[in-house]
Amino acid sequence: MNIDVTPLPGIGVCKDFPLAQARRRIGVIEHRDGSVDLVVSRAGDYDTTTSIPLSSTEIGVLAGLLGAPQVVQKTADVHGVGELSTRQFAIDRGSPFDGRPLRDTAMRTRTKASVVAVVRAGDVTPSPGTDFTFIAGDLVVVVGTDEGLEAAGRLLDQG
């Protein structure tokens with residue numbers, strides 16, 4: 001089954017797929033600020049959706065119910081330890097790093113923040129190596145100080 005990845009300019013990325021028997025689509029909107037909404041279309045009308053905001057705890061619980069790895073949830077638990085936090089950033093179509101390897105970001109050197117995981121179409125790559133190549137729709141999980149995370153967001157947006 002294919003997952004459709006649709007950039008939402010200024011918002012983030014929508015990732016969804018059809019439920020054939022229910023004549024609906026279901027998916028998530030990953031906002032640029034790291035928040036996530038569950039979206040479900042109306043039966044027979046893919047363009048009319050209900051959007052349900054999810055907390056990081058709810059995301060982890062839902063992932064657990066579906067049997068998905070909970071790496072993103074576990075990294076979110078780092079929030080509040082000293083001055084470290086985690087944030088998630090989407091790689092949008094046309095991003096300066098779409099199709100480029102992690103090493104090209106020079107993330108740690110330029111921001112003092114680190115990429116700890118990448119979520120792609122529901123699969124988690126923990127601790128990606130420098131040769132890991134980003135593609136549009138990836139959700140990059142970064143850990144660092146608030147200043148480092150702000151710099152990481154600017155870097156991934158603007159290059």
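Just so we're clear, the structure is a prediction, and the values are computed from it rather than from any experiment.

### Focus on the sheet that holds strand β3 (residues 24–31)
Then, number 1: Sheet architecture is open: five strands sit in the order β1-β2-β3-β4-β5, paired in antiparallel fashion. Here the strands that pair on one side only, and so sit at the sheet edges, are β1 (4–8) and β5 (45–54). Direction aside, the axes of adjacent strands within the sheet are offset by 25° on average.
Then, number 2: Relative to β5, strand β4 (residues 36–42) runs antiparallel, the two sharing seven bridges. Across the sheet, Val39 pairs through a bridge with Ser51, a residue of β5.

### Some words on the packing of aromatic side chains
Ring pairs (aromatic) are described by centroid distance and by the angle formed between their planes.
Then, number 1: The tally for this structure, following the rule as stated, stands at one aromatic pair.
Then, number 2: Between the aromatic rings of Phe132 and Phe134, the centroid separation amounts to 5.9 Å while the plane-to-plane angle is 70°, which identifies the pairing as edge-to-face. In terms of burial, Phe132 and Phe134 fall into one category: buried.
Then, number 3: If you follow Arg25 out to its NZ or CZ, it ends over the ring of Tyr46, 5.6 Å from the centre.

### As for the nonpolar core
Then, number 1: Counting 16 residues, the largest nonpolar core has Met107, Val115, Phe134, Val140, Val142, Ala152 and Leu156 as its most contacted members.
Then, number 2: Counting only elements with at least two residues in this core, the list comes to β7 (114–120), β9 (139–144) and α4 (146–158).
Then, number 3: Top contributing element to this core by residue count: α4, with four residues.
Then, number 4: Excluding its chain neighbours within four sequence positions, the residues that come into contact with Ala152 are Phe89, Met107, Thr111, Ala113 and Val142.
Then, number 5: Counting five residues, the second-largest nonpolar core is a separate cluster that includes Val119, Val124, Leu139 and Val141.

The rules behind these values
- Residues numbered from 1 in each chain as written.
- Predicted model: local features only at pLDDT ≥ 70, side-chain atom pairs only at ≥ 80, totals over all residues.
- Heavy atoms only, no water.
- Pairing = 2+ DSSP bridges.
- Helix = DSSP H or I, 4+ residues; strand = E, 2+ residues; numbered from the N terminus.
- Axes fitted to C-alpha atoms, helices over the stretch in contact; angles between N-to-C directions.
- Phe/Tyr/Trp six-rings, centres within 6.5 Å; stacked < 30°, edge-to-face > 60°.
- Buried < 20%, exposed > 50% of the residue type's maximum accessible area, 1.4 Å probe, protein only.
- Lys NZ or Arg CZ within 6 Å of the ring centre and 35° of its normal.
- Core = buried A, V, L, I, M, F, W, Y, C linked by side-chain atoms within 4.5 Å.
- Contact = heavy atoms within 4.5 Å.

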